[in-house]
Amino acid sequence: MLAAFAVLLLFQCLGEGIVFVFHLPLPGPVAGMLLLMAALLAMPKLQALVEQAANTLLSHLSLLFVPAGVGILVAAGSGSGHWIAILASLVVSTVLALAVTGLILRGMGDARKDGDA
């Protein structure tokens with residue numbers, strides 16, 4: 001299992017390094033996940049190595065949200081007086097996310113119908 005965690009950490013570090021070197025507007029861990037996905041597609045044997053560690057991390061996923069929750073509570077004081085803007089941005093971003101998801105699903109459904117015909 002230690003080797004699997006090392007592989008996951010290696011891809012995260014690779015992602016961080018690539019984002020830093022090429023000044024990409026993308027979080028390093030996201031770039032690392034994309035690299036890991038490419039590696040898993042290229043080498044299917046890697047999945048067996050990483051799967052157990054990934055499942056262990058997923059089983060304790062709620063613990064990984066504790067630092068983010070603490071950060072939100074600590075920063076909540078700086079948001080006082082801006083609640084209308086915060087609420088408006090939450091509503092607009094939620095509606096926008098739903099609309100984009102709907103359009104993508106509609107496009108995928110149309111593409112599937114075209115492919116079946």
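Residues numbered from 1 in each chain as written. Predicted model: local features only at pLDDT ≥ 70, side-chain atom pairs only at ≥ 80, totals over all residues. Heavy atoms only, no water.

### Details of the UniProt feature "transmembrane region" (unreviewed entry) in the protein
Argument step 1. On the UniProt side, "transmembrane region" (unreviewed entry) is annotated at positions that read residues 25–44, 56–77 and 83–105 here.
Argument step 2. Structurally, residues 25–44 is divided into 75% helix and 0% strand, and its ends, taken at the C-alpha atoms, are 29 Å apart.
Argument step 3. Annotated as 100% helix and 0% strand, the span residues 83–105 places its first and last C-alpha atoms 33 Å apart. (UniProt positions renumbered as here; feature names shortened; annotations may be inferred. Helix = DSSP H or I, 4+ residues; strand = E, 2+ residues; numbered from the N terminus.)

### As for helix H3 (residues 45–59)
Argument step 1. Helix length check: H3, at 15 residues, gives a terminal C-alpha distance of 23 Å against a target of 21 Å (1.5 Å per residue), a fit within 8%.
Argument step 2. Along its length, H3 shows its largest kink, about 40 degrees, at Glu 51.
Argument step 3. Among the residues making up H3, those that are buried are Leu 46, Val 50 and Ala 53.
Argument step 4. Where H3 is buried, its residues contact helix H1 (2–22) and helix H2 (28–42). (Expected span 1.5 Å × (residues − 1). Bend = angle between axes of the 7 residues up to and from the residue. Buried < 20%, exposed > 50% of the residue type's maximum accessible area, 1.4 Å probe, protein only. Contact = heavy atoms within 4.5 Å.)

### Topic: the domain arrangement of the protein
Argument step 1. What the domain assignment reports for the protein is domain 1 (1–79) and domain 2 (80–116).
Argument step 2. Of note, the centres of domain 1 and domain 2, computed from C-alpha atoms alone, are 25 Å apart.
Argument step 3. With 4 residues of domain 1 in contact, the opposing surface of domain 2 contributes 5 residues.
Argument step 4. Contact between domain 1 and domain 2 buries roughly 250 Å² in total, counting both sides, with carbon and sulfur atoms accounting for 38%. (Domains from an automatic or database assignment. Buried area = accessible area lost by both parts, 1.4 Å probe.)

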